[in-house]
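Single-letter residue listing:
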Amino acid sequence: CFSSVTCQPDCASYTLCIMAILPMHYVGHDPILREKAIKVRDFDDPELHKLAADMIESMYYYYGVGLAANQVGSLKRICVIQLPDDEEPTVLINLEITRKEGEREVTEGCLNLPGWQGYIPRAEQVWARAVGLDGKPIKYKGVEDLLAQALEHEADHLDGKLYVDYLRAKEDLFEVDNGTEEDGEGEPRPPDEDGSDTQEEGDSAPAESPEPSLGKE
């Protein structure tokens, strides 16, 4: 079970049901964000189930819609996702993107890079496969919108990649208020920020924003 509220002391997994908030790791400070997660082989491992429970609780705590294990210090290939309209979280083990089609430019942020968002290319449709905590296969076929973006984002984390790796221009990374870096994810770039407008003669160029330490290798 995932809740220490409903789990009773006589439950066989009681000691594993006490969930913990896992410490977030941050870009520029934690090399684990650039490491590739290791495929899970033992689906009956109690520590795997404990990690999944802790990751769900941590996702709620940090107000995220998804969380990959290396974001919180583990190199197991596991992530959790819960979109705003989902009633329950989904645990995805050994997530792999198998196919992508189309391209769109979207707003994206990350809990590991607080105070920043960027405009990056993502696929219009995504096919993916994973395994649930019960060992049963999970497949996504041609999903779109925020779910497609979330699957790409979490799979990237598990491969040691960050959304900032996809920035096409320095100006596509911009500052936001801390705690709002995942607000508006999936939204397209506003028309007045797509770079198509010609700058009027005499207008001054916008000041450059300071860049965060991106931790690229």
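Residues numbered from 1 in each chain as written. Predicted model: local features only at pLDDT ≥ 70, side-chain atom pairs only at ≥ 80, totals over all residues. Heavy atoms only, no water.

Engineer: Give me the lowdown on the sheet that holds strand 1 (residues 66-68), citing residues and values where you can.
Structural biologist: As summarised here, the arrangement of the 5 strands in space is 1-2-3-6-7, forming an open sheet in which the pairing is antiparallel. Edge positions in the sheet fall to strand 1 and strand 7 (137-143), since each has one partner strand and no second. For this sheet, the mean angle separating the axes of adjacent strands, direction not counted, is 30°. Summarising the sheet, strand 3 (residues 90-101) and strand 6 (residues 125-131) pair through 6 bridges and their orientation is antiparallel. Bridge pairing links glutamate 96 to arginine 129 in strand 6. On the sheet, helix 1 (residues 46-61) packs against strand 1, strand 2 (78-81) and strand 3 and is oriented at approximately 40° with respect to strand 2. Of the strands in this sheet, strand 1, strand 2, strand 3, strand 6 and strand 7 touch helix 2 (residues 145-158), which is tilted by about 105° from strand 3. (Pairing = 2+ DSSP bridges. Helix = DSSP H or I, 4+ residues; strand = E, 2+ residues; numbered from the N terminus. Axes fitted to C-alpha atoms, helices over the stretch in contact; angles between N-to-C directions. Contact = heavy atoms within 4.5 Å.)

Engineer: Describe helix 1, with residues and values.
Structural biologist: Compared with the 22 Å implied by 1.5 Å per residue over 16 residues, the 23 Å span of helix 1 between its first and last C-alpha is a close match. Within helix 1, burial applies to Leu48, Lys50, Leu51, Ala52, Ala53, Asp54, Met55, Ile56, Ser58 and Met59. Residues of helix 1 that are buried make contact with strand 1, strand 2 and strand 3. N-capping of helix 1 is provided by aspartate 45, with a side-chain oxygen placed 3.0 Å from the backbone N of glutamate 47. Positive phi shows up at tyrosine 63, right after helix 1, with a value of about 60°. (Expected span 1.5 Å × (residues − 1). Buried < 20%, exposed > 50% of the residue type's maximum accessible area, 1.4 Å probe, protein only. Polar contact = N/O pair within 3.5 Å; in protein donor to acceptor, adjacent residues only side chain to side chain.)

Engineer: So, the pairing of strand 4 (residues 104-109): which residues are in play, and what are the values?
Structural biologist: Most of strand 4 sits out of view: 5 of its 6 residues are buried. Between the end of strand 4 and the start of strand 5 (residues 116-122), which pair antiparallel, lie 6 residues, with glycine 115 showing a positive phi angle near 85°.

Engineer: Could you give an account of the pattern of salt bridges, with specific residues and numbers?
Structural biologist: Under the defined criterion, the tally for this structure stands at 10 salt bridges. Its salt-bridge partner being aspartate 54, residue lysine 50 comes within 2.6 Å of it at the nearest N-O pair. Placement of both lysine 50 and aspartate 54 in helix 1 is noted, with a separation of 4 residues, approximately one turn of the helix. Take lysine 50 and aspartate 54: they sit in the same class, and that class is buried. (Salt bridge = Lys/Arg side-chain N within 4 Å of Asp/Glu carboxyl O.)

Engineer: Give a detailed account of the packing of aromatic side chains, specifying residues and quantitative values.
Structural biologist: Tallied over the full model, the rule gives 2 aromatic pairs. Ring centres of tyrosine 61 and tyrosine 62 lie 5.0 Å apart, and the angle between their planes is 85°; this geometry places the pair in the edge-to-face category. Between tyrosine 119 and phenylalanine 174, the ring centres sit 4.9 Å apart and the planes meet at 40°, which makes this aromatic pair tilted. Here phenylalanine 174 lies in strand 8 (residues 173-175) and tyrosine 119 lies in strand 5, a separation of 55 residues in the sequence. (Phe/Tyr/Trp six-rings, centres within 6.5 Å; stacked < 30°, edge-to-face > 60°.)

None of this, on its own, says anything about what the molecule does.
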